[in-house]
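In case you want the letters, here they are:
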Amino acid sequence: MGSRRIEFVIAENPPKRLDKAVSRDVPEEASLSRTRLARLIEEGALTVDGAVVQDPKAKIAEGAQISIQVEEAEDSHIGPEDIPLEIVHEDEDLIVINKPAGMVVHPAPGSPSGTLVNALLHHFGGNLSGVGGVKRPGIVHRIDKETSGLLVVAKSDAAHQGLAAQFEKHTVERYYQAVCYGVPDGNDPRLRGVKGASFEPGNILKLTTQLARHKTDRQRQAVLFQGGRHAVTRARIVESFGTPPSLALIECWLETGRTHQIRVHLAHAGHGLIGDPTYGGRRKLAAKTLSEAGQAAVQAFPRQALHAAVLGFDHPVSGEALRFEAPLPPDMAALLDALRQ
């Protein structure tokens with residue numbers, strides 16, 4: 001395996017810690033993330049004025065000569081697979097995919113193959129600088145297996161670091177379209193009594209809770225108000241269906257991005273998603289609320305009716321503002337057509 005040597009000098013007024021100073025001053029073209037640099041230090045790949053230093057917290061001074069030996073990215077243990085992808089955008093730093101429902105993002109014990117990562121490795125065909133020293137796509141966010149829609153994936157350490165920072169700061173624009181039971185309207189006194197629910201101008205439902213893994217069912221998330229991780233979801237009604245209205249197409253957007261966030265928040269509010277097998281997406285509707293076609297479409301819908309429709313962020317390398325939209329997939333479009341009958 002080949003390697004490259006990166007050499008530079010610590011500039012004036014450096015942070016006191018070695019890892020922070022190196023992260024600040026390493027040449028941008030080296031495409032090394034803070035995480036990768038920390039690992040290289042601990043592995044003994046970095047010298048300061050010719051001496052190996054393996055303590056990330058070591059003191060560092062202005063003018064210190066830094067040399068880092070970086071091994072070429074090794075091949076991933078994950079195998080490439082020829083799986084069709086709908087590519088919305090691609091450049092040398094990142095790729096945006098419109099993921100179909102039914103595809104897992106990353107291999108796991110229950111899904112060792114057929115994933116988005118397997119498909120991307122085949123698509124890149126070895127032309128991948130890699131993330132963290134391995135030739136693999138950088139997954140900075142995920143959407144559930146049975147959720148369709150937009151996903152951005154990094155192709156380099158630099159892009160991975162830049163995208164991860166934006167997700168951490170909650171500056172990424174993410175809008176979802178969903179079909180839920182009931183109509184989340186501010187005039188509903190029941191909804192106004194739900195803990196964590198409030199309404200903002202424009203009849204926008206805001207759900208603010210903590211989320212954590214369920215104590216007894218490890219496949220679920222649970223709403224908490226102490227402990228867990230802070231989570232905020234907003235939703236507005238786009239269209240309602242039925243007489244009286246009993247279902248709604250809603251637009252949701254995330255202030256935070258937690259596992260199953262939209263699904264568990266809406267279920268907590270009493271507006272679970274149609275077809276959601278985990279959070280109660282099978283309810284019996286009044287016989288004459290919808291047409292027969294509408295009733296049948298709701299009962300037959302095979303997954304949670306959730307689609308990641310809009311994704312916007314600043315390009316992590318060029319700084320260009322990017323925004324992408326993905327139309328509803330055929331199954332959700334057909335569901336809406338049936339509900340409108």
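Just so it is clear, the structure is predicted and the values come from calculations on it, not from any experiment. Within each chain, residue numbers correspond to sequence positions counted from 1 in written order. Restriction of local features to residues with pLDDT of at least 70 applies here, the model being predicted, together with a cutoff of 80 or more for giving and counting side-chain atom pairs; totals for whole chains, interfaces and linings are based on all residues. With hydrogens and water excluded, all non-hydrogen atoms of the structure serve as input to the side-chain values.

**What about the overall build of the protein chain?**
So the rule is basically this: Runs of E in the DSSP output that reach at least two residues are strands. Runs of H or I that reach at least four are helices, and both are numbered from the N terminus. Three labels apply to residues, based on accessible area from a 1.4 Å probe with only protein chains included: buried if under 20% of the type maximum, exposed if over 50%, partly exposed otherwise in between. Between two residues, a contact is recorded if the distance between any of their heavy atoms is within 4.5 Å. Reported accessibility uses the Shrake-Rupley method at a 1.4 Å probe radius. Residues are deemed covered only where the shown protein chains occlude them. Charge counting treats Lys and Arg as positive and Asp and Glu as negative, with His and both chain ends excluded. Here the site of a charge means NZ on Lys, CZ on Arg, CG on Asp, or CD on Glu.
Along the backbone of the protein chain there are eight helices and 18 strands. Summarising its shape, the C-alpha atoms of the protein chain cover approximately 80 × 45 × 40 Å along the three principal directions. Expressed as a percentage of the 341 residues in the protein chain, the buried residues total 48%. Considering only contacts within the protein chain whose residues lie at least 6 apart along the sequence, 63% involve residues at least 24 apart. Total accessible area computed for the protein chain in this model is approximately 16,600 Å², and 48% of it derives from carbon and sulfur atoms. Here the protein chain carries 39 positive and 41 negative side-chain charges, and the mean point of each set is 10 Å from the other.

**As for empty space enclosed by the protein**
Once rolled over the atoms, a probe with the size of a water molecule shows which space is left empty. The criterion, for reference: Definitions used for this entry: grid spacing 1 Å over protein atoms alone; cavity, a set of points where a 1.4 Å probe fits but cannot get out; pocket, an open set with protein on both sides within 12 Å along at least 5 of 7 lines; lining residue, one with an atom within 4 Å of a point. Grid points are joined across faces, edges and corners, and a volume is the space filled by probe spheres set on the points.
Within this structure, the stated rule accounts for two cavities of 30 Å³ or more. By volume, the largest cavity amounts to about 40 Å³. Together, His-141, Leu-150, Arg-174, Tyr-176, Ala-308, Val-310 and Leu-311 line the largest cavity. The set of elements that each furnish at least two residues to the lining of the largest cavity consists of β11 (173-181) and β17 (306-314).

**Comments concerning the confidence of the model for the protein chain**
As a general rule, the predicted coordinates of low-pLDDT regions are not to be interpreted in detail. The following threshold applies: Known as pLDDT, the predictor's per-residue confidence is scaled from 0 to 100.
Averaged over all residues, the pLDDT of the protein chain is 89; the fraction at 70 or higher stands at 94%. At the level of individual helices and strands, the protein chain shows its lowest average pLDDT in strand β8 (residues 134-135), which scores 51, and its highest in strand β18 (residues 321-325), which scores 98.

**As for the environment of Arg-36**
As for its placement among the helices and strands, Arg-36 is situated in helix α2 (residues 34-42). Judged by relative accessible area, Arg-36 falls into the buried class, the value being 10%. With 256 residues separating them along the chain, Arg-36 and Glu-292 place their C-alpha atoms 57 Å apart.

**Topic: the side chain of Ser-156**
Turning to its location among the elements, Ser-156 is positioned in the loop between β10 (148-154) and α4 (157-168). By relative accessible area, which is 5% here, Ser-156 ends up buried.

**Considering helix α8 (residues 330-339)**
Quick note on the threshold: The arc under discussion is defined with respect to the helix axis, by the directions toward the C-beta atoms.
Those residues of α8 lying buried are Met-332, Leu-335, Leu-336, Ala-338 and Leu-339. Taken down its axis, α8 places every buried residue within 160° of arc, on the same side. The inward-facing, buried residues of α8 contact β11, β15 (229-241), β16 (247-254), α7 (292-300) and β17.

**Comments concerning the layout of surface pockets**
Roughly 1,000 Å³ of volume is contained in the largest pocket. Surrounding the largest pocket, 37 residues form its lining, Arg-142, Ile-143, Asp-144, Thr-259 and His-260 being those nearest its centre. Secondary-structure elements contributing two or more residues to the lining of the largest pocket are α4, β11, β13 (204-213) and α6 (261-268). If you go around the second largest pocket, you meet 20 residues; those closest to its centre are Glu-28, Ser-31, Ala-158, Gln-161 and Pro-316. Every element with two or more residues in the lining of the second largest pocket is listed here: α1 (18-25), α2 and α4. The element best represented in the lining of the second largest pocket is α4, accounting for four residues.

**Some points on the sheet that holds strand β1 (residues 3-9)**
Threshold: Strands pair, by our definition, only if DSSP identifies at least two bridges between them. Only the stretch in contact is used when a helix axis is fitted, and all axes are lines through C-alpha atoms; the angle between N-to-C directions ranges over 0 to 180 degrees.
Pairing in this open sheet of four strands is antiparallel, and the strands run β1-β4-β2-β3 from one edge to the other. The open sheet terminates on both sides in strands that have one partner only, identified here as β1 and β3 (51-52). Relative to strand β4 (residues 65-71), β1 runs antiparallel, the two being bridged by seven bridges. Directly across from Ser-3, in β4, lies its bridge partner Glu-71. Lying over the sheet, α2 contacts β2 (46-48) and β4, oriented at roughly 95° with respect to β4.

**Brief notes about the packing of aromatic side chains**
For clarity, the cut-off: Only rings of Phe, Tyr and Trp enter the pairing, Trp through its six-membered ring, and a pair is recorded when the two centres are within 6.5 Å. The plane angle decides the type: under 30 degrees is stacked, over 60 is edge-to-face, the rest tilted. Criterion for a charge above a ring: Lys NZ or Arg CZ within 6 Å of the ring centre, and within 35 degrees of the ring normal.
Under the defined criterion, the tally for this structure stands at two aromatic pairs. Relative to Trp-253, the ring of Tyr-175 has its centre 5.4 Å away and its plane inclined at 40°; by these criteria the two rings are tilted. Of this pair, Tyr-175 sits in strand β11 while Trp-253 sits in strand β16, and the two are 78 residues apart along the sequence. It is Lys-195 that lies over the ring of Phe-225; its NZ or CZ is 4.4 Å from the centre.

**Overview of the nonpolar core**
Operational definition: Working definition of a nonpolar core: buried Ala, Val, Leu, Ile, Met, Phe, Trp, Tyr and Cys residues. They are joined through side-chain atoms within 4.5 Å.
Within the largest apolar cluster, 35 residues are counted, with the highest numbers of intra-cluster contacts made by Leu-116, Tyr-176 and Ile-250. The greatest single-element share of this core, amounting to five residues, is contributed by helix α3 (residues 116-124). Leave out the neighbours within four places in its chain, and Tyr-176 touches Ile-143, Ile-250, Glu-251, Cys-252, Leu-254, Ile-262, Leu-306, His-307, Ala-308 and Ala-309.

**Quick look at the pattern of salt bridges**
What counts here: When a carboxyl oxygen of Asp or Glu lies within 4 Å of a side-chain nitrogen of Lys or Arg, that pair is called a salt bridge.
Under the defined criterion, the tally for this structure stands at 14 salt bridges. Arg-17 is the partner of Asp-19 in a salt bridge, and the nearest nitrogen-oxygen pair spans 2.7 Å. Relative accessible area serves as the criterion here: at 29%, Arg-17 is assigned to the partly exposed category. In this structure, Arg-303 engages Asp-331 in a salt bridge whose closest nitrogen and oxygen atoms are separated by 2.7 Å. Remark: Asp-331 occurs in helix α8 and Arg-303 occurs in the loop between α7 and β17; sequence separation between them is 28 residues. What makes Arg-303 buried here is its relative accessible area of 3%. Take Asp-331: its relative accessible area is 27%, and that puts it in the partly exposed class.

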